[in-house]
Amino acid sequence: MKNIYSNIYPFNKEILKKTVKLLTEGGIAALPTETVYGLAGNAYSRKAVKKIFKLKKRPKSNPLIVHYKNKKSASGDVIFNKFFYFLYKKYCPGPITFILKKKSKSKIVDNVTAKLNTVAIRFPSHKVIKSILKSTNFPLAMPSANLSSRLSPVEALDVFDDFKKRINVIIDGGNSKFGIESTVIDLTEKPKILRPGIISAKEIRKYLKLNLSKNISKIKSPGMLKKHYSPGIPVIFGRRPLKPYHAYIVFGKRYKNTNNCFNLSKNADLKEAAANLYKTMRKIKKKGFKKIVISKIPKSGLGIAINDRLTKASK
Ligand code: TXA
Ligand code: MG
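What comes next is a walk through the structure.

About the criteria used
- Residues numbered from 1 in each chain as written.
- Chains lettered and ligands numbered in written order.
- Predicted model: local features only at pLDDT ≥ 70, side-chain atom pairs only at ≥ 80, totals over all residues.
- Heavy atoms only, no water.
- Helix = DSSP H or I, 4+ residues; strand = E, 2+ residues; numbered from the N terminus.
- Rg over C-alpha atoms; globule rule 2.2 N^0.38 Å.
- Buried < 20%, exposed > 50% of the residue type's maximum accessible area, 1.4 Å probe, protein only.
- Contact = heavy atoms within 4.5 Å.
- Lys, Arg positive; Asp, Glu negative; His and termini not counted.
- Charge placed at Lys NZ, Arg CZ, Asp CG, Glu CD.
- Axes fitted to C-alpha atoms, helices over the stretch in contact; angles between N-to-C directions.
- Parallel < 35°, antiparallel > 145°, perpendicular 65-115°, else oblique.
- Left-handed = near helix turned anticlockwise from the far one by under 90°.
- Nonpolar A, V, L, I, M, F, W, Y, C, P; charged D, E, K, R; others polar.
- Pairing = 2+ DSSP bridges.
- Salt bridge = Lys/Arg side-chain N within 4 Å of Asp/Glu carboxyl O.

This paragraph deals with the overall build of the protein. Helix and strand counts for the protein stand at 9 helices and 15 strands. Compactness check: the protein gives a C-alpha radius of gyration of 19 Å against a globular reference of 20 Å for 315 residues, within 12% of the reference. Projecting the C-alpha coordinates of the protein onto the three principal axes gives extents of approximately 60 × 60 × 30 Å. Among the 315 residues that make up the protein, the fraction classed as buried is 56%. Considering only residue pairs separated by 6 or more positions, the protein has 68% of its internal contacts joining residues 24 or more positions apart. Within the protein, the 17 negative side-chain charges are centred at a point lying 4 Å from the centre of the 68 positive side-chain charges.

Attention now goes to the packing of helix 1 (residues 13-24) against helix 5 (residues 127-135). Closest axis-to-axis distance for the helix 1/helix 5 pair is 10 Å, and the angle between their directions is 55°. Our classification of the angle between helix 1 and helix 5 gives oblique. Viewed along their axes, helix 1 and helix 5 form a crossing whose handedness is right-handed. Packed against helix 1, whose contacting residues are L16, T19, V20 and L23, the element helix 5 presents S131, I132 and S135 at the interface. Residues of the contact of helix 1 with helix 5, tallied by class, amount to 4 nonpolar, 3 polar and no charged.

Let's shift gears to the pairing of strand 7 (residues 118-122). A regular strand places its side chains on the two faces of the sheet in alternate fashion. A large share of strand 7 lies buried, amounting to 5 of its 5 residues. Here 3 bridges tie strand 4 (residues 65-67) to strand 7, and the two strands are oriented parallel to one another. If you follow H67 over to strand 7, its bridge partner there is R122. Across 5 bridges, strand 6 (residues 96-102) lies against strand 7 in antiparallel orientation. Its bridge partner lying in strand 7, I99 is registered against A120.

Right, let's talk about the pattern of salt bridges for a bit. In total, this model carries 9 salt bridges according to the counting rule given. The shortest N-O distance in the salt bridge between D158 and R282 comes to 3.6 Å. Pair noted here: D158 is in helix 6 (residues 156-163) and R282 is in helix 8 (residues 270-286), with a separation of 124 residues, a long-range link. The exposure classification of D158 matches that of R282, with both residues buried. In this structure, K286 engages D161 in a salt bridge whose closest nitrogen and oxygen atoms are separated by 2.9 Å. With K286 in helix 8 and D161 in helix 6, this pair connects stretches of sequence that are 125 residues apart. Of the residues examined, K286 reaches a relative accessible area of 60% and is grouped as exposed. Take D161: its relative accessible area is 30%, and that puts it in the partly exposed class. Connected through salt bridges with shared partners, the residues E181, D308, R309 and K312 form a single ionic network.

That is the geometry; function is a separate question.
Here you go:
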């Protein structure tokens with residue numbers, strides 16, 4: 001029988017070599033990271049970056065994150081500062097993205113940054129993306145591997161759902177450990193969270209011993225305001241549904257899983273809830289429900305990021 005998933009590969013030396021060659025020649029590959037799967041291309045190649053935008057149907061005004069193997073490899077492209085050094089030491093490699101000023105001699109092509117003079121950089125920790133970054137001599141521009149405005153993928157099959165065979169290589173790296181995207185923090189001025197994520201604002205504030213900026217007058221991250229993280233059916237916050245075609249997403253000990261009730265974490269563990277969030281929404285859509293109703297999820301720590309994604313999904 002023909003294998004319909006013939007572009008999904010397990011990770012081994014052979015696929016490492018094939019992927020590095022593909023990326024070096026300006027091609028695109030979908031790769032696992034510890035947050036969500038990404039759609040990777042050479043951040044120094046205008047042609048490769050153009051392909052990423054086209055595949056995702058992403059507005060050109062929404063800049064991409066550039067992924068590096070370590071601090072040294074990013075030093076030619078961005079201007080580091082003391083906040084960066086502190087946070088890098090504590091959290092990298094890991095689920096945090098830094099916005100820094102771009103160096104004038106930076107090799108990052110301007111379609112990566114939507115012509116901004118800043119760059120989002122990240123140092124992922126998943127072993128697959130780490131080995132690929134170690135084997136290339138360029139960084140990878142890599143947005144989440146989903147069609148623009150849709151849910152981020154947390155396993156190889158999710159990527160296949162959105163792109164089918166339009167990507168030559170999808171590497172299967174198992175379920176993403178965290179299941180939602182990295183925290184994005186702007187370090188070009190007083191540190192400010194642009195996208196809540198795995199590492200909470202509270203934790204960063206404590207560590208830096210500094211209040212983070214709450215200035216919302218300047219919109220620095222164009223892609224962050226629009227509808228996003230949509231499962232493709234309406235999402236609303238509310239109470240238990242009465243209609244059988246509604247699915248209910250809940251959190252905590254009070255709720256049992258039934259055929260239309262999906263508990264993100266029976267242990268009321270926000271980390272577990274984050275890891276289950278996109279997976280659960282995809283499952284609900286596939287089961288044919290017409291609407292998702294969400295019960296309250298605590299608005300503290302990682303709950304802030306979960307609520308952020310759900311609020312955007314409900315727009
Ligand atoms: O966990 C993650 O961050 C995943 C994995 C694949 O690394 N990537 C990811 O990329 O979520 P993406 O493209 O889906 O989201 C990147 C976010 C966007 O909201 C974008 O607007 C923002 O980062 N961004 C990128 N460059 C920026 C810049 N120079 N200034 C402000 N925001 C920026
Ligand atoms: Mg995304």
